[in-house]
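Here are the chains, one letter per residue:
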Amino acid sequence: MTRSWAEPWKIKMVEPITVTTRDERERAIVDAGYNTFLLKSDDVYIDLLTDSGTTAMSDRQWSAMMLGDESYAGARSFYKLVAAVHDVYGYEELIPTHQGRGAEHLLSQILIEQGDVVPGNMYFTTTRYHQERAGGRFVDVIIDEAHDPTSMHPFKGNIDIDKLAAAVDEVGAERVAYVSFETNVNLAGGQPASMANIKAVYAFCRERGILVMLDATRALENAYFIQQREGGYEDRSVASILREITENSDGATVSSKKDNLVNIGGFLALRDPELARKARALLVAFEGLHTYGGMSGRDMEALATGIREMVATDDHARSRVGQVEYLGNKLIKYGIPVVKPIGGHGVFLDAAAMLPHIPQDQFPAQALAAAIYVDSGVRGMERGIVSAGRDPETGENRRPKLELVRLTIPRRVYTQSHMDVVAESVIEVYEQRDAITGLRFTYEPESLRFFQATFEPLPTT
Ligand SMILES: *Cc1c(COP(=O)(O)O)cnc(C)c1O
């Protein structure tokens, strides 16, 4: 008999959520321009828009907040954060920021010069935005399997060393700003890289004098998958695997709103004190003084506690990923096309396969997310052609191979019964998929358009 696991916590406080009627939801989605980002949370029943900053903090984190030192400079809470990042991630230099993109901005500005190439394993929206804004050219060097939602490759986040070598050879190592290595690749569906690949990339780069900068936002979930899937790691703690990941890098940007179990915060961590000095010079202009970045003292207390809590035992990582797998396996059982294997932070519905009657330039994933919301009040988000945006040079829509709806699970927030409700709604919508029509823009922002774009349904023919 396989034995059940359960969450390593019990509930001490609850937050009531609203149940709306179908009529109310039909009105709400029109008002929101068919963009789930523009819905009011009061109109949402189960909110799977994102796992970013939506975590339930622990009683220890809440009590740590009372210890926040709000001194402008040299706050005690900052030094606690430095110690936590050092103990768990192993980096010496810490540059605190208001969230992940603040760290990406600083890193891009200090390392990228006009015309530099930045190879990376699939893009992330804000990461690539800052790389391009700094004058860099992002080159995708992820393995081909990452673009195939049916491939069962256990490490779809891996970098293809041949693609990386080709990208480096094309311009020469000195024009490569750094390799941007994302752990548990968000846009591939929360897919990990293997330790063997992380080490191979670092060795390749060291030989050529190229820096490796991790996007370690989801490195904990990546470490958990290595423990589960990679030979030789089954008896290792998630904490020690996480350390081995970061040892194979020169620094990292982290959005603490994910793995780190807080609602706001982030950091840039580095090894080289000279680079850290450059980052701190920009930090004071864009984020705040170097001992708080964009965070208050109490934010840094909650973050320092969250960083230690996420690796205190392996049970947290297991129940976090376990809940995602529970939802994913339920959908797979009913034949819903989803990205496989199930990733670390959400279930990604393959909208292209679910709605083959809607061409990609009529935004099938955007339409599917809206339809699921109308059915049940469950809010997911588009990760497809709308999120990919336009090529800055040609102005054409980028056409990602993956056209997905992401159902992202917040950490420690929902129960298995909520997951059952979500699965039933997706199944219902899938059974009535022929009624869903494509969309067209009524407003298209210039950058990061998915956040604020509005749409209307195309007339049915
Ligand atoms: C969320 C996220 C970011 C951006 O961080 P923010 O805190 O939202 O600014 C960067 N990379 C990855 C992989 C993320 O998931």
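The structure displayed is predicted, hence computed values, not measured ones.

(A) Region of the structure containing the overall build of the chain. Per the secondary structure count, the chain includes 16 helices and 14 strands. Whereas a compact globule of 461 residues would reach a radius of gyration of roughly 23 Å, the chain reaches 21 Å, a difference of no more than 12%. Considering only C-alpha atoms, the chain reaches an extent of 60 × 55 × 50 Å along its principal axes. Among the 461 residues that make up the chain, the fraction classed as buried is 59%. Put simply, 72% of the contacts in the chain that link residues at least 6 apart link residues at least 24 apart. Roughly 19,200 Å² of accessible area belongs to the chain as shown, and the carbon and sulfur atoms make up 49% of that amount.

(B) Up close: the site of the ligand. The ligand sits among 14 residues. The nearest are Gly100, Arg101, Asp215, Ser255 and Lys258. Separating an oxygen atom of the ligand from a side-chain N or O atom of arginine 101 is a distance of 2.7 Å. A distance of 2.6 Å separates a nitrogen atom of the ligand from a polar atom in the side chain of aspartate 215. Contact with the protein chains covers 97% of the free accessible surface of the ligand, which is 380 Å². Sort the elements by how many residues they give to the shell around the ligand and helix H4 (residues 100-111) lands first, with three residues. By residue class, the composition of the shell around the ligand is one nonpolar, six polar and seven charged.

Thresholds applied
- By convention here, each chain's residues receive numbers from 1 onward along its written sequence.
- Predicted model: local features are reported for residues with pLDDT of at least 70 only, side-chain atom pairs are reported and counted for 80 or more only, and whole-chain, interface and lining totals are derived from all residues.
- With hydrogens and water excluded, all non-hydrogen atoms of the structure serve as input to the side-chain values.
- Where helices and strands are cited, they refer to DSSP runs of H or I of at least four residues and of E of at least two residues respectively, numbered from the N terminus.
- Throughout, the radius of gyration refers to the C-alpha atoms, and the reference size of a globule is 2.2 Å times the residue count to the power 0.38.
- The buried label goes to any residue with under 20% of its type's maximum accessible area, the exposed label to any with over 50%, and the partly exposed label to all in between, with areas taken from a 1.4 Å probe on protein chains only.
- Contacts between residues were defined by any pair of non-hydrogen atoms, one from each residue, lying within 4.5 Å.
- We get accessible surface area from the Shrake-Rupley algorithm with a probe of 1.4 Å; when it comes to residues, only the shown protein chains can shield them.
- We call a residue near a molecule or strand whenever a single non-hydrogen atom of that residue lies within 4 Å of it.
- Polar contacts, as used here, are pairs of N or O atoms within 3.5 Å; protein pairs need one atom able to donate a hydrogen and one able to accept it. Residues neighboring in sequence count only if both atoms are side-chain atoms.
- Residues are grouped as follows: Ala, Val, Leu, Ile, Met, Phe, Trp, Tyr, Cys and Pro are nonpolar; Asp, Glu, Lys and Arg are charged; all remaining types, including Gly, are polar.

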